[in-house]
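Here are the chains, one letter per residue:
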Amino acid sequence: QKFEETLPATVYRIEKYLGSGLVKGVGPKFAKRIVEKFGEDTLDIIEETPDELLKVPGIGKVRVDRIKTSWQEQKEIKNIMLFLQGNEVSTSHATKIFKTYGSESIAIVKENPYRLADDIWGIGFKTADSIAQKMGIEKGKFVRLRSGIFYTLNKLAELGHCYATREQLIEKASVLLEVEQPELEITLDEMLRTNDIIRDVFEEKFEEKEAIYLPPYYFSESGCAKRLVHLMSGRQKKCENPEKILEKVAQSSQITYDEIQWQAVKTAISSKVMVLTGGPGTGKTTTTLGIISAYKQAGCEIILAAPTGRAAKRMSEATGMEAKTIHRLLEYKPPEGYQKNEDHPLEGDVLILDECSMIDIMLMYNLLKAIPEQMSLILVGDIDQLPSVGAGNV
């Protein structure tokens, strides 16, 4: 629950404390010599007149400087921890804060505790806000409202939204932050001016509405659109006569395809980007097998992928080919991120993606960035299947 730290009082304890490795430049050997020389006054000497340590045999100027610096650092850490814990910050958060800001921790937290939510992973608006309240920061202060608007947009993103309309955002933030709406309007305009957030305009029922985005979602969503347009205008690997290919597929296949399925296979081999959609039992898997067979007949290299491990496994079982998760396909490595991207694109002629309803906007954007211009993309899915966990309606 709690502990209290008292400085060691007996000579034996002082020697143990100094020799513990806490103070750089003092090991057990020097701790013994220092305590033999100064006894119970040792800690006062180090604190107030550290140059006295030169009187101890074997301790020179360099070592004394090291001890001085280390002692100051110890005090610094202790003061920061005491200040943070005095404002009811947990020890684990206090450690993160000290690691991020070092000796400037107290100054930064006093000036703007909401920076913690921006800079430190694991500290969110709620934690920063409770620290700020303990420090007596007013509810209507700009730094709080700015951080609160980010928090509100993130909360909406957790519910799946890439953006909020201006009215929706102001209304929700006003409730969450317990402040009046006009104050939030002013803050929002300032954040738009400094590009902390991004505004886009759309029409709904002949009325102009404002969409307010967090930058990552804005760039993912507009990026997906740009990439798809770019892909569709790229050149496709030339297939021989599609009719001939379909004949070969029919001859080599045990499956009987109906008219719509044939149409889908034909569309797939003559399109750069295609969506194959239908409910359960409508023959998506059968059609996908036909598409794979047609592309194989055309001599194309095919990549299969799906958003989850289970979906990839099902795809492998149905096709007899290897299917990867999108993360594995893009060689995702935290913390560096995706190894496959515009500079290191995927290799192959066709990418077939299954269970597309589960892909969120950020994952889709990272995938599209890694697809080279000449590759064809086939998206297979069912609008009534599971939606994505992350934000977006891909």
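Cut-offs used in this document
- All residue numbers here refer to positions counted from 1 along the written sequence of the relevant chain.
- Only residues with pLDDT of at least 70 are given local features in this predicted model, and only at 80 or more are side-chain atom pairs given and counted; all residues enter the totals for whole chains, interfaces and linings.
- Only heavy atoms go into the side-chain values, all of them from the structure, while hydrogens and water stay out.
- Note on conventions: DSSP H or I runs of at least 4 residues are helices, E runs of at least 2 residues are strands, and numbering of each starts at the N terminus.
- It only takes one pair of heavy atoms within 4.5 Å for two residues to be counted as in contact.
- When DSSP finds at least two bridges between two strands, those strands are taken to pair.
- Note on method: axes are straight lines fitted to C-alpha atoms, helices fitted across the in-contact stretch only, with angles between N-to-C directions ranging 0 to 180 degrees.
- Classification of residues uses two cut-offs on accessible area relative to the type maximum, computed with a 1.4 Å probe and protein chains only: under 20% is buried, over 50% is exposed, and between them is partly exposed.
- Given a helix with a known number of residues, its expected span is that number minus one, times 1.5 Å.
- Note on terminology: pairs of cysteine sulfur atoms within 2.5 Å are recorded as disulfides.
- Note on terminology: angles under 35 degrees are roughly parallel, angles over 145 are roughly antiparallel, angles of 65 to 115 are roughly perpendicular, and the others are oblique.
- Only Asp, Glu, Lys and Arg are considered charged in this grouping, and only Ala, Val, Leu, Ile, Met, Phe, Trp, Tyr, Cys and Pro are considered nonpolar; every other residue, Gly among them, is considered polar.

Caption draft 1: Region of the structure containing the side chain of K369. Along the chain, K369 turns up in helix α18 (residues 361-369). With residues up to four places along the chain from it excluded, the contact list for K369 reads R227, N341 and E342.

Caption draft 2: Representation of the sheet that holds strand β1 (residues 163-165). Across the sheet, which stays open at both edges, the 3 strands sit in the order β1-β3-β2 with antiparallel pairing between neighbours. Unpaired on one side and paired on the other, β1 and β2 (198-204) mark the two borders of the sheet. Sheet twist, expressed as the average angle between the axes of neighbouring strands with direction ignored, equals 35°. Here helix α10 (residues 166-177) sits on the sheet and contacts β1 and β3 (207-213); the angle it forms with β1, its principal contact strand, is near 90°.

Caption draft 3: Layout of the environment of Y217. Here Y217 shows up in helix α12 (residues 215-233). Owing to a relative accessible area of 15%, Y217 belongs among the buried residues under this scheme. Taking the C-alpha atoms as reference points, Y217 and G392, 175 residues apart in sequence, are found 8.3 Å from one another. Those residues in contact with Y217, other than ones at most four positions away along the chain, are A157, C162, I361, M362 and A391.

Caption draft 4: Local environment of helix α9 (residues 142-158). Between the first and last C-alpha of α9 there are 24 Å, a value that for 17 residues agrees with the 24 Å anticipated at 1.5 Å per step. Buried residues of α9: R144, L145, S147, G148, I149, F150, Y151, T152, L153, L156 and A157, and no others. One or two positions beyond α9, positive phi appears at G160, with a value near 110°.

Caption draft 5: Seen up close, the state of the cysteines. This structure, assessed with the given rule, holds 0 disulfides. Here C162 stays free of any disulfide, with the sulfur of C224 as its closest cysteine sulfur at 8.9 Å.

Caption draft 6: Quick peek at the packing of α9 against helix α11 (residues 181-193). One can describe the packing of α9 onto α11 by two numbers: an axis separation of 10 Å at closest approach and a directional angle of 75°. The orientation of α9 relative to α11 falls into the category roughly perpendicular. Contacts from F142, L145, R146, I149 and F150 in α9 reach E183, L184, T187, L188, E190 and M191 in α11. Of the residues that constitute the contact of α9 with α11, the class distribution is 7 nonpolar, 1 polar and 3 charged.

Caption draft 7: Molecular detail of the sheet that holds strand β4 (residues 273-277). Across the sheet, 5 strands lie side by side as β4-β10-β9-β5-β6; this open sheet has parallel pairing. Every interior strand has two partners, whereas the edge strands, β4 and β6 (323-325), have only one. The mean inter-strand angle of the sheet, taken between neighbouring strand axes irrespective of direction, is 25°. Where strand β5 (residues 302-306) lies against β6, 3 bridges are found, and the strand directions are parallel. Paired with A305 across the two strands is K324, which belongs to β6.

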